[in-house]
Each structure stands twice: as structure tokens, then as C-alpha cells.
Amino acid sequence: MIFRGLCVLNFIDKIRRYFVSSRNETCLSRVVEGKGPAKPQQPVIMTSGAKSCRKAKMRGVLCILPAPSHIYAKGFFMSENYITEQFQTFESGIRLDSGRILAPITLAYETYGTLNNEKSNAILVEHAWTGDAHLAGKRNATETKPGWWDAVVGPGRLLDTDRYFVICSNVIGSCFGSTGPTSINPKTGKRYNLTFPVVTIRDMVRAQKLLIDSLGIARLLTVMGGSMGGMQALEWATQYPDHVASAIVLATTPRPSPQAISLNAVARWAIFNDPTWRKGEYKHNPKDGLALARGIGHITFLSDESMNAKFGRRFSARDGQFDFFGQFEVERYLNYNGYNFVDRFDANSFLYLAKSLDLYDVSWGFESMAEAFSQVKAPIQFYAFSSDWLYPSYQTEEMVSCMNELGKSVEYHLITSAYGHDAFLLEHETFAPLVRDFLGRI
């Protein structure tokens with residue numbers, strides 16, 4: 001039986017190798033200028049049942065998402081049922097808002113679905129602060145979780161990959177493949193670290209425009225994003241009005257409030273005061289400072305209601321209630337989340353992107369918000385969430401009122417949710433029908 005099983009596995013592997021090798025010539029997976037031939041790109045295996053699974057987890061029940069009855073292969077090349085990250089390098093770079101030239105620029109990105117002949121079905125999804133280009137599916141067998149919006153992207157889902165060509169790129173300044181503080185400065189041969197220039201949200205979108213142009217896409221069907229991703233969608237609508245047919249903006253702000261800036265400032269202090277940070281010249285991530293900074297940030301993504309539901313005032317069963325260092329369950333959660341974050345995100349990138357968030361103002365370079373939104377030609381659909389105290393609903397409503405006064409095509413939905421700022425990531429089912437209807441009218 002063992003011999004027979006090995007024979008079957010060997011036969012399957014031979015078939016896989018045949019199909020992969022036969023498609024190498026037309027592969028579009030990994031594109032790095034000057035880095036040799038591309039490797040075959042791989043499809044996504046999608047999952048379902050995210051809503052019921054999330055509720056089960058909140059009750060402390062182990063949940064396993066069901067396997068799909070199909071393998072999604074459109075736009076990908078078969079190879080072990082995974083997807084491959086892609087890269088584009090632009091030697092000329094861009095001129096930043098600061099006046100500095102950042103060159104060359106490499107952008108990491110992933111695509112899902114097939115671009116139609118007219119190149120009219122492309123949707124650009126923008127990630128938030130500590131996100132990446134890995135929007136859906138898995139890249140390899142070692143990944144325990146799919147991409148950050150896996151429940152939204154795939155055949156028959158909100159962003160239906162049988163219908164749309166979905167793109168997600170990592171922003172400049174980040175540490176997930178696009179040029180940022182962790183990248184090598186070509187002038188010195190060393191990491192940029194704090195010699196990396198300050199970049200704005202608008203700079204991120206300028207870099208994305210290079211990518212979209214390189215893909216031969218003259219006009220995006222929509223640009224969609226939440227939080228920092230929503231800021232990028234606003235920039236596309238105001239800076240490149242002829243190149244977007246619509247925009248979908250979730251849980252964002254026209255400019256961060258003093259409260260939001262203050263919270264980011266405290267998070268920065270946590271990193272600055274970690275002696276291992278060494279003014280950005282560290283060999284290893286300053287784990288204590290970065291974990292604390294993440295903990296501060298993570299609190300802003302939650303809500304009073306969601307924290308009560310998840311933790312209440314339960315004291316850790318591992319600790320005695322009168323132990324000096326004993327912790328509540330919410331403390332343990334923040335500690336666990338913070339130190340896990342250290343293993344996946346760079347401290348300097350965290351600082352640079354926090355600065356980008358704080359500097360954001362949709363009206364920067366214009367006389368007013370009204371002048372900025374006067375540039376918009378595409379309909380915009382806005383979403384705010386009732387328990388979001390980081391970017392509360394009144395900030396979205398300010399933008400909606402401004403666009404209404406200008407006679408622009410605008411749609412607004414206030415979603416009742418207990419999940420705080422992160423509701424756009426956790427409760428897509430609350431706005432999916434509205435987004436689907438909006439896209440159907442574009």
C-alpha cells in the first residue's frame with residue numbers, strides 16, 4: 001500500500017511538472033527588471049464561511065473553513081495551487097511631494113482574474129497601514145492564513161474574479177517587497193533606514209500609477225480601500241480623475257484628527273525610547289518598542305463593545321488575581337498581538353507609514369476641500385462604521401456634504417457595527433450587497 005501510494009504521488013508530481021514547464025514561456029508571475037526570467041504564477045484556492053467562523057472563534061470554538069469544490073485558475077498558472085507575488089521596477093522613479101527623487105522604485109503586487117480585451121474590468125484594491133499586496137489565497141504550503149481580504153476576492157464573491165481583474169500592490173515605504181526603509185539604497189549599497197525620504201499618501205498613488213500604466217490599463221473600473229486604503233482611493237479620484245470610473249472609500253478621513261495624530265505620536269515614542277532602535281540603525285527589530293507601538297495602534301482599531309464581547313473583565317486563568325504581574329485577558333491579547341507583529345513588520349516602516357498617515361490631507365495643494373473634490377469626475381461610494389472612533393462617521397459625512405454641495409455623484413452608507421475601525425475588514429457582509437449594486441451601475 002505504501003509503494004502504491006508513493007507511485008500515485010510520483011505520477012501526480014510528473015503531471016504537475018509537465019504543465020508547469022510547458023507554460024514557462026508565457027508566464028507573467030514574477031516581473032523584476034533585470035532579474036532574469038519570470039517564474040510560473042500559481043492559482044488561488046479560495047475558502048468560504050468567514051462570517052460563521054469568526055462568530056465561532058469569538059465563542060472560543062475551533063473553526064475550520066470548508067475546502068472549495070473548485071480550484072480557481074483564471075489568470076494564474078497551475079503549480080501546487082498557490083499564487084506568486086509579482087514585482088515591477090521603475091528605474092526613473094518619481095518626484096515626491098517633498099521635492100526629492102526616489103529612484104529606482106520597485107512595487108510588489110498580486111493580480112487575480114483576467115484582464116479583458118478592452119482592459120476595462122480592472123479593480124485596484126488599496127491596503128491599510130500594515131497591510132501588503134497579499135490580498136487573497138495562499139502563496140505556499142507554510143502559510144497558515146490566506147490573504148487579508150480573502151473572503152472578498154474570488155469567483156462569485158464581492159470582487160468576482162470570473163468578472164473582474166483585481167490588483168493589489170504594496171505601498172512604497174512598507175516592508176513587504178516595495179521600496180521602503182528596508183530596501184538597499186543604490187548609492188550606498190546599504191539599507192536606507194532613516195535616509196529614506198518621507199513619503200505621502202499621494203506619493204504612494206504616484207508610484208501605483210506607474211504600475212497601472214505598465215499594465216496597459218488606461219482607466220480603472222474602481223479603486224477600493226479602507227482606512228489608509230481609503231485615503232489612496234481619494235487620491236486616485238482627485239489626482240487622476242480621468243483614470244478612474246469610480247471609487248469605493250471605507251472607514252477613512254479627509255485628514256487625521258489631533259486625537260489620531262496623538263495616538264500615533266505615543267506609538268512613535270514607544271519605538272524611539274527602545275534602546276535597541278539605535279536611531280533606525282538596528283540589526284534586529286526593536287521588539288519591545290515596536291510591540292508596544294502596535295498595542296497602542298491596535299486599541300484604536302477596536303471598540304468598547306467588541307472588547308467587552310471578546311474579553312469582558314476576565315482575569316487570566318494562568319495568573320493569580322493578586323499577583324502583581326497578573327493580567328486580564330485583554331492584556332494578554334495585546335501582548336500576544338504586539339509581539340507577533342514584531343516578527344512580520346519592520347519598525348522603521350511602521351514609523352514612516354505612521355508619518356504618511358498623519359500628514360494626509362485630501363485638500364493639500366488646493367485652497368480647500370471643495371477645490372480638491374471639484375476635480376472628481378467619478379461617482380464615489382463612502383462607508384463609515386458606527387463604532388469607529390479612530391475615523392468617526394462625522395469625518396466621512398464632511399466629505400459627503402462637500403461633494404453634494406458641488407453636485408458630484410456621491411453615495412453614503414453608515415453601517416451599524418460593533419467592530420470599530422476594523423469593521424471594514426471583519427464584516428464585509430454588511431456592505432457587500434451595496435458595493436455589488438454600486439459596481440453594477442458603473
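Residues numbered from 1 in each chain as written. Predicted model: local features only at pLDDT ≥ 70, side-chain atom pairs only at ≥ 80, totals over all residues. Heavy atoms only, no water.

**Q** Outline the overall build of the chain, supporting the account with residue identities and numerical values.
**A** The helix and strand inventory of the chain stands at 13 helices and 14 strands. Here the chain, with 442 residues, has 52% of them falling under the buried criterion. In the chain, the share of contacts with a sequence separation of at least 24, taken over all contacts with a separation of at least 6, comes to 72%. (Helix = DSSP H or I, 4+ residues; strand = E, 2+ residues; numbered from the N terminus. Buried < 20%, exposed > 50% of the residue type's maximum accessible area, 1.4 Å probe, protein only. Contact = heavy atoms within 4.5 Å.)

**Q** How would you summarise unusual backbone geometry if you had to cite specific residues and measurements?
**A** Cis peptide bonds are those with omega within 30 degrees of zero, and the linkage from alanine 103 to proline 104 qualifies with -10°. By secondary structure assignment, the location of proline 104 is in the loop between β3 (101–102) and β4 (105–112). Look at asparagine 193: it is not a glycine, yet its phi comes out positive at around 50°. Note on placement: asparagine 193 falls in the loop between β10 (190–191) and α3 (201–214). You will see that lysine 279, though not glycine, has its phi angle at about 55°, which is positive.

**Q** Which residues make up the pattern of salt bridges, and what values do they have?
**A** The tally for this structure, following the rule as stated, stands at 15 salt bridges. Between aspartate 213 and lysine 209 there is a salt bridge, and its shortest N-O distance comes to 3.0 Å. On the criterion of helical spacing, the pair formed by aspartate 213 and lysine 209 is a turn pair, its members being four residues apart in helix α3. Since its relative accessible area comes to 11%, lysine 209 is described here as buried. (Salt bridge = Lys/Arg side-chain N within 4 Å of Asp/Glu carboxyl O.)

**Q** Outline the packing of helix α5 (residues 258–272) against helix α9 (residues 347–359), listing residues and values.
**A** Viewed as axis vectors pointing N to C, α5 and α9 meet at an angle of 160°, and their least axial separation amounts to 10 Å. Between α5 and α9, the angle is such that the two are roughly antiparallel. Regarding α5 and α9, the two cross each other, and that crossing is left-handed. In contact with Ala260, Ile261, Asn264, Ala267, Arg268, Ile271 and Phe272 of α5, α9 contributes Ala347, Phe350, Leu351, Ala354, Lys355, Leu357 and Asp358. The residue makeup of the contact of α5 with α9, split by class, is 10 nonpolar, one polar and three charged. (Axes fitted to C-alpha atoms, helices over the stretch in contact; angles between N-to-C directions. Parallel < 35°, antiparallel > 145°, perpendicular 65-115°, else oblique. Left-handed = near helix turned anticlockwise from the far one by under 90°. Nonpolar A, V, L, I, M, F, W, Y, C, P; charged D, E, K, R; others polar.)

**Q** Tell me about the sheet that holds strand β1 (residues 86–90), and please be specific about residues and values.
**A** Across the sheet, which stays open at both edges, the eight strands sit in the order β1-β4-β8-β5-β11-β12-β13-β14 with mixed pairing between neighbours. A strand with exactly one partner marks an edge of an open sheet, and here the two such strands are β1 and β14 (410–415). Averaged over all pairs of adjacent strands, the angle between their axes in this sheet comes to 20°, without regard to strand direction. Of the strand pairs in this sheet, strand β5 (residues 122–126) and strand β11 (residues 222–226) are connected by four bridges, and their pairing is parallel. Looking across to β11, one finds that isoleucine 123 is bridged to threonine 222. Contacting β13 (380–385) and β14, helix α11 (residues 393–405) runs over the sheet at an angle of about 160° to β14. (Pairing = 2+ DSSP bridges.)

**Q** Lay out the nonpolar core in plain terms, naming residues and giving numbers.
**A** Ranked by size, the top nonpolar core spans 73 residues in total, and within it Ile172, Leu220, Trp236, Phe350, Phe373 and Phe382 carry the most contacts. The element contributing the most residues to this core is α9, with seven residues. Not counting the four nearest positions on each side in its chain, leucine 220 is found in contact with Ala122, Leu124, Ile212, Trp236, His243, Val244, Ala245 and Ser246. Ranked by size, the runner-up nonpolar core spans 30 residues in total, among them Ala136, Val166, Cys168 and Ala432. (Core = buried A, V, L, I, M, F, W, Y, C linked by side-chain atoms within 4.5 Å.)

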